[in-house]
Amino acid sequence: MNFLVRRLLFALPTLLVVSLILFGLVQLAPGSAAALYAGPDAGPEDMARIERLLGVDQPAPVQYVKWLRGVASGEWGISFRYQQPVTQVLSSRIFNSLQLMTAALLLALIVAVPFGVLSAISKRAWVKHLSSVLAMLGISIPTFWLGIMLLLIFSVRLRLLPSGGNSTIGMDFNLYDRFIHLIGPASVLATLYIAGWSRYVRSSMLDVMTQDYVRTARAKGLAERIVIFRHALRNALLPLVTLIGLQGGNLVGGAMITEVVFAWPGVGRLLAESLTSRDYPVLMAAFMIMALLTVAGNLAADLTYGWIDPRIKLE
Amino acid sequence: MSKSKRFLYWLTLLMLVALVATACGQQPVPNAGEENTADTDAGATNTEAETPADSEVEEEPAAETNGGTVTVGLHQEPNLLWGPITGLTVSQELANILNRPLIMINDQIEYVPALVTEVPTLENGGISEDGLVYTFHLRDDVTWHDGTPFTSADVRFTYETITHPDMPVRGRVGWNQITSVETPDDHTVIFNFETVDAAFLDRLAIVTILPEHVLGEVPPAELSTHEWFRTNNPGLGPFRFVEWQPGNYILVERNPDYFVEGLPKLDQIVLKIITDANTLTNQLETGEVDMRFRMLNDQVEIIEQIPNVELVSTAATSPWLIWVNNENPALSDPAVRLALNYGFDRNGLTQTLLRGLVEPAYNLIPPSSWAYSEEAVEAYAYDPDRARQLLDEAGWVDENGDGVREKDGETLSFDILNIAGEPERVQILSFIQDQWSEIGVQVNIQNVDVATMWGDALPSGNYDMGYSYSGRLADPADLAQHYLCPDKQPTTNWGLYCNPELDEILLAAQATVNQTERADLYAQALEMIGQNPAYVFIGWRTDHTPINQRVQGYKPAPGFIEMWNAEEWSVQE
């Protein structure tokens, strides 16, 4: 309990510092949001008026304090571009991004673990080589290329998958329809994780397999299958928990390119837009949410670790 | 090496080579938010016919069915659906089908009435002789989507909102010249001006009318965040708002009570938001999208291979140009700017590099405009000898033999800013860079993002040169925006150019509504600018619209909005 309370207390100043850094970066970026909004026809009077209405005419520290006060009372500000409360702009998109990322992470888990285990325990050379090559490919292939290729082959040529979007327009909520739209982007996103995680699982497995208790289990006469799955694997997967926890922040904003290619209505695309139009309120809110999720994910990972492994005492 | 290892080694190498070869092909082409600031006001006012280049959409006498759905692919998500507060053309497209302005501009670049019975002109007395009074007669058969009648009160309310200090309206150029708006009865509106605003009708064309009965009581400070600006419900247009899934799509349906009999023909229009150009092209091929606007040149070849998709290409009234900072010590010399214009091959560039898809441009006024005069325009031929001579005579010589000319401590070496994201732009700039190096001018291409270009570099004069396009040219009075000395009215004179003689002519051309007088004055202005250019114009942007054969009735309106006649569209299977 102490551990939890302490971590939560630490989270607050962490997030505060993050918000300060973010705000600073946003201020440093060249290109005034007011000039972008006002456009080329605006004269000095118009500019002054727009600056006042957007709230950017105040000095930076004043703007920051105002923003902080707003956040404390649940008001994340008004988007410059959409003239809508930021919460509204983000809410539906967050849900879509969460869907995509969760599907990608689940898919990655399902594929990476067996893949990593196989490449660790297999005695055959070709399996080991192939898995290294595939992992390297997975890490090196750029997401947008993979996405476009997937669309080209499965959507345009074979007409098996839709070319983007998250649902067929005009259709009521249909699980199969959503699933079909999800496959493409989720697979593309998962590739990178599969490649990385499978290597992680592999090296973790290799590490565990040389441990004494595994030798003992074998010496006891247990079937190899039980040695691997009941004893070795469980321990090997522990570090993966931390890895997954660190993905917390990415759950919301980590799929920018994939979302653009697949026309997925998520936060990633919104972020790309907001960056080009210097829509500060949206940027601050989105990044703060990602920071919050990262901190939370980390905490959850630590707690899970402590719960799974009785040897670890959380203090 | 063992056999299996060697096999794998070669296999991997082969795959890598294949990857590199294909990866260099497609890139995501983010349609940069450049649409934002460059495209604000509506199109040119000329009355000459504009023949769209390569138009393949024929008016077939086949049976036009009523009903059906058209799916439009938007390359950007709209934000606010009202001309004066949005910087995005896609927002204006949507606003124009859900709502209506008083007048519109058609595909022949002529004014046509929308909510009025006729367009005011000098001949019919709608515009007074001195150009200071505009009288509009509104149609009496128009109702908002909720049944409330449309009246002059709505028009006056719209004007008051535009000029209100608490409304984040973008530029108010021209609107602040209006002294009063009278509404003697429900269907008459009179605008009284203090000084002539020759471009008034153009400005009106993008202002869709606000519903006074819905927004009248809302405090202006809260107006821009009101939901109406995201739905235009109620509106006056041929289509009604149904739903908007953020980031995903917008659905609009037919307005059965539209004031023009028999229109619209379609049942629904779906506007899908797809920001990646390749994905849009894919969806055109699978038929998930029927059409898209503002496609870039590099997709043209791909589209031409798709069987049931036609390509409609029109020369826009928006030129590509290199903004030149006239306050840069070297660039303030007119000889240098003239040499730059003679120093590269526009025809070569547009015919070979751009495969003839673009027409060369020499100044800001498009050939389709009534203010354009072939005699007056200086069509700089590619003449590197002349360029070199100009520079020599002005004292710019290469003393130290490094290939770049100097004079009084200044070198002809500049940074040219380019908005990153489109490979074609870099190709164009490299072409020019190469040819300019032969006359002793060196440019370094610097990639920046949209916000830096439009939000920092250009507005604050923080640059040497910048490559981009200018906003869609409205009435040639907007020529003044780019050329008037910066101390005069608010201008888009990013180049900080100042020529007092030119100012006089431009201001005189704005002070009258007599088109012949104005055309004369603009010819003079063009001649002057030809001798002392401010910028380097490259070519007229070409708007490519790939459109599925099943869609009938689309007519490109280069000076205005692509979907301006959406009520006349129909589908034929």
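Residues numbered from 1 in each chain as written. Chains lettered and ligands numbered in written order. Predicted model: local features only at pLDDT ≥ 70, side-chain atom pairs only at ≥ 80, totals over all residues.

**Some remarks on the overall build of chain B**
Move 1: When helices and strands are counted, chain B shows 18 helices and 20 strands.
Move 2: Counting across all 573 residues of chain B, residues that qualify as buried make up 52%.
Move 3: Taking the intrachain contacts of chain B between residues at least 6 apart in sequence as the baseline, contacts between residues at least 24 apart amount to 72%. (Helix = DSSP H or I, 4+ residues; strand = E, 2+ residues; numbered from the N terminus. Buried ≥ 20, exposed ≤ 12 C-beta atoms within 10 Å, placed from the backbone. Contact = placed C-beta atoms within 7 Å.)

**Looking at the overall build of chain A**
Move 1: When its secondary structure is counted, chain A shows 14 helices and zero strands.
Move 2: Taken from the N to the C terminus, the helices and strands of chain A come in the order α-α-α-α-α-α-α-α-α-α-α-α-α-α.
Move 3: Principal-axis analysis of the C-alpha atoms gives chain A an extent of 85 × 60 × 35 Å.
Move 4: Residue burial in chain A is summarised as follows: out of 315 residues, 40% are buried.
Move 5: Taking all contacts inside chain A whose residues are at least 6 apart in sequence as the whole, residues at least 24 apart take part in 69%.

**Focus on the environment of A330(B)**
All names here are of chain B.
Move 1: Structurally, the position occupied by A330 is in the loop between β11 (309-324) and α11 (334-342).
Move 2: On a C-alpha basis, the gap between A330 and G409 in space is 9.7 Å, while along the polypeptide they are 79 residues apart.
Move 3: Residues within four places of A330 in sequence aside, it is in contact with V336, E410 and L412.

**With respect to the pairing of strand β15 (residues 413-419) of chain B**
Residues and elements named next belong to chain B.
Move 1: With respect to burial, β15 is a largely interior element, five of its seven residues being buried.
Move 2: Here β15 pairs with strand β16 (residues 442-448) via seven bridges, running parallel. Residue pairing in the sheet places S413 in a bridge with Q442 of β16.
Move 3: One crossover worth recording links β15 to the parallel β16 by way of helix α14 (residues 423-437), and it is right-handed.
Move 4: As defined by bridge partners, β15 adjoins strand β17 (residues 465-469) across three bridges and the pair is classed as parallel. What sits directly across from N418, in β17, is Y467. (Pairing = 2+ DSSP bridges. Right-handed = clockwise from strand over helix to strand, strands pointing away.)

**Section: the interface of chain B and chain A**
It is common to give the size of an interface as the accessible area lost on bringing the parts into contact.
Move 1: Every contact between the two is made by 58 residues of chain B and, on the other side, 56 residues of chain A.
Move 2: Among the elements of the structure, α1 (3-23), α2 (35-38), α8 (228-231), β8 (249-254), β9 (268-273), α9 (277-286) and α15 (450-457) of chain B are those that each provide at least two residues to the side of chain B that touches chain A.
Move 3: For the side of chain B that touches chain A, a count of residues per class yields 21 nonpolar, 26 polar and eleven charged. (Nonpolar A, V, L, I, M, F, W, Y, C, P; charged D, E, K, R; others polar.)

**Some words on unusual backbone geometry**
Move 1: A cis amide bond links N233(B) with the next residue in sequence, P234(B), at an omega value of 15°.
Move 2: A positive phi angle, close to 50°, is found at D408(B), a residue other than glycine.

**Remarks on the nonpolar core**
Move 1: Formed by 224 residues in total, the largest nonpolar core has its most connected members in I322(B) and A525(B).
Move 2: Looking at this core, the element that brings in the most residues is helix α8 (residues 175-209) of chain A, giving 13 residues.
Move 3: The residues contacting A525(B), other than those within four sequence positions of it, are L479(B), L502(B), I505(B), L506(B) and A509(B). (Core = buried A, V, L, I, M, F, W, Y, C linked by C-beta atoms within 7 Å.)

**A few points about the domain arrangement of chain B**
Residue and element names in this part refer to chain B.
Move 1: Parsing chain B into structural domains produces domain 1 (52-99 + 237-290 + 550-571), domain 2 (103-208) and domain 3 (318-535).
Move 2: Here domain 1 and domain 2 have C-alpha centroids that lie 25 Å from each other.
Move 3: Across the boundary between the two partners, domain 1 contributes 19 residues, which contact 18 residues of domain 2.
Move 4: Looking at the side of domain 1 that touches domain 2 residue by residue, the classes come out as nine nonpolar, seven polar and three charged. (Domains from an automatic or database assignment.)

**Observations regarding the domain arrangement of chain A**
All names here are of chain A.
Move 1: By domain assignment, chain A separates into domain 1 (2-72) and domain 2 (96-308).
Move 2: Using only C-alpha atoms to locate each centre, domain 1 and domain 2 end up separated by 33 Å.
Move 3: Taken together, the contact pairs 14 residues of domain 1 with eleven residues of domain 2.
Move 4: For the side of domain 1 that touches domain 2, the element with the most residues is helix α1 (residues 2-28), which contributes nine residues.
Move 5: Class assignment for the residues of the side of domain 1 that touches domain 2 results in ten nonpolar, three polar and one charged.

**A word on helix α4 (residues 60-72) of chain A**
Move 1: An ideal rise of 1.5 Å per residue puts 18 Å on 13 residues; α4(A) measures up with 18 Å between its terminal C-alpha atoms.
Move 2: G74(A) sits one or two positions beyond α4(A) and adopts a positive phi of about 85°. (Expected span 1.5 Å × (residues − 1).)

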